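# Structural overview for review
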Amino acid sequence: MPRTKTQPIPSPPSTYTMLLFFYSIVVILSVLTWTECRLFNNFQEEEIKRVGRLVMDCGQIPGMSVAVVKGSDWWIQPMGVANMTSQDGVKESTNFVIASLTKAFTSTLLLMLLKESKEGYTIDTPVKDILKREDLFPDLERSRGTTIKDILSHRMGLARADLALFSGYPDDFSLQNLSRAMSCLPIQAPFRDGFIYSNFMYSLAGHVIEVLANQSYEDALQARILKPLGMTSTLTRYNFSNDQASLAQPYMFDNGKVVPVHHSLFRLPVFLPALGLASNPRDMVRWLQTLLQQGVSPSGEQIIPPDVIAMTQYPVTPCIINQLRPRFRQPELTFAYGLGWFQSTYRGFRRIWHAGSLYGFTSVTWLFPDIGTAVFATTNGPARPQNTKNEIKTLLSFIVDPTLGFPSWIDQSNACNYPNRPKNSLNDVKKLGDAILCNDLTNNSSFIWS
């Protein structure tokens, strides 16, 4: 329509209006990038929930939360209750203690600081050169030769000594104090001659971080990883009384009954670098996306150097956990430990994984870096680490198989007896279970696993 003399010609938009328009677009796009996408259709979601409820019933698991990541898309499903007394349901924001999944945060942070060090430190740098001490361990060979790679890959040959976690420590007992106790650990195997899992070595790694960063481990982790990734709900310190609204209550078996775990057991500040973080699926999605995107955060920033991620996932210490045919219907093989991650194959795909349990809480993470996929699940009890881990693996297998292009081999008939052990005597089942050749993994208490 042609303009008449009475129709004013519109003036061009002001610079302020244009900036406001573009800023609005940026905000909208940033919100869209952190919007849950439909990885599954309605039927698939209901099937995952059904299998999830089934394994929870089998294992008497009070509450569980699951997250799936594929590229920039993600999906979260909370199930069950966070507290059996109040019957408060698990939410996406409910925090669970993720125990040894903390180790990957510690190894990643330490390698980042090594890479930035003015002295040019690497994973092959002796620990004594950083801490300026030559009396760290019970013998001269370890005290002089132990490197960062050694303490992160469980090949020190020193006793695991997890009973120390039951004894507790004074609130003012620091990581530096704990580092001075390393020389008291008994020698259990020759140096670098096999896999012996060690929470103490990751606490020592936390002290190395403090020296390199010139700040507490907690502050360094917040500043370099948690805050940049937007993991604002993840807790480095927690009090079950103060954080009751956001933290699930853990449970254990006592004379056949599921009962709450006493909160005082979680006062373990010196083991924070090994097993102390509490997180939720929303924050863990951000962590997993960053790992799968070679260190680029969901907001598009390069937070972790790609070579740091590659180094943490490189196999270092041989560690065989096999579940192979004919004893197991679906074969999988863990063959080594890297720097904070187990290295394995699953259905022909490279799988990086870790599990962790602490006083009722159990969590498992699987990453498939070559296809940009990851899954995470966490529970609040009961305290039967290996059983609960298998129940979680049942659900993760059911979720992952279609993503890898396979029909799921988990169904209602076998979901409760994963990993389908032979029906023999109890002793035979124990011998034919997970064929674990990693020293000491079979020697776990009912409270602590990996």
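Residues numbered from 1 in each chain as written. Predicted model: local features only at pLDDT ≥ 70, side-chain atom pairs only at ≥ 80, totals over all residues. Heavy atoms only, no water.

### Focus: the overall build of the chain
Of regular secondary structure, the chain possesses 15 helices and 15 strands. Taking all 450 residues of the chain together, the buried fraction comes to 53%. If you take every contact in the chain between residues at least 6 apart in sequence, the share linking residues at least 24 apart comes to 68%. When the accessible area of the chain is evaluated, it comes to approximately 19800 Å², of which 55% is carbon and sulfur surface. (Helix = DSSP H or I, 4+ residues; strand = E, 2+ residues; numbered from the N terminus. Buried < 20%, exposed > 50% of the residue type's maximum accessible area, 1.4 Å probe, protein only. Contact = heavy atoms within 4.5 Å. Areas by Shrake-Rupley, 256 points an atom, 1.4 Å probe, with all protein chains shown as cover.)

### A look at the packing of aromatic side chains
Using the criterion set out here, one finds 18 aromatic pairs in the structure. Relative to Phe-406, the ring of Phe-349 lies with its centre 6.4 Å away and its plane at 85°, an arrangement referred to as edge-to-face. Residue Phe-349 is located in strand 11 (residues 349–358), and its partner Phe-406 is located in the loop between helix 14 (385–404) and helix 15 (426–432); the two are separated by 57 residues in the primary sequence. Taking the relative accessible area as the measure of exposure, Phe-349 reaches 24% and is therefore partly exposed. Through successive ring pairs, a cluster of aromatic residues spans Phe-96, Phe-166, Phe-266, Tyr-359 and Phe-361. Across from the ring centre of Phe-406, 4.2 Å away, lies the NZ or CZ of Arg-347, which sits over that ring. Between Arg-351 and the ring centre of Trp-366, over which it is positioned, the NZ or CZ distance is 4.5 Å. (Phe/Tyr/Trp six-rings, centres within 6.5 Å; stacked < 30°, edge-to-face > 60°. Lys NZ or Arg CZ within 6 Å of the ring centre and 35° of its normal.)

### With respect to the nonpolar core
Looking at soluble globular proteins, one finds that nonpolar side chains tend to be buried together. Formed by 124 residues in total, the largest nonpolar core has its most connected members in Phe-105, Met-201 and Trp-287. At eight residues, the largest contribution of residues to this core is made by helix 3 (residues 102–116). When near neighbours in sequence (up to four residues on either side) are disregarded, Met-201 contacts Phe-137, Ile-151, Met-156, Leu-158, Met-182 and Leu-185. (Core = buried A, V, L, I, M, F, W, Y, C linked by side-chain atoms within 4.5 Å.)

### Focus on the pattern of salt bridges
Applying the stated rule across the entire model yields 20 salt bridges. Residue Lys-49 pairs with Glu-46 through a salt bridge whose shortest N-O separation is 3.4 Å. With Lys-49 and Glu-46 both in helix 2 (residues 42–59), this residue pair falls three residues apart, about one helical turn. For Glu-46, a relative accessible area of 42% translates into the label partly exposed. Its salt-bridge partner being Asp-171, residue Arg-267 comes within 2.7 Å of it at the nearest N-O pair. You can see Arg-267 sitting in the loop between strand 6 (257–260) and helix 11 (272–275) and its partner Asp-171 sitting in the loop between helix 7 (164–167) and helix 8 (175–179), a full 96 residues away along the chain. Look at Arg-267 and you get partly exposed, because its relative accessible area is 49%. Accessibility expressed as a relative area gives 55% for Asp-171, which makes it exposed. One connected set of salt bridges, linked through shared partners, spans Asp-150, Arg-155 and Arg-192. (Salt bridge = Lys/Arg side-chain N within 4 Å of Asp/Glu carboxyl O.)

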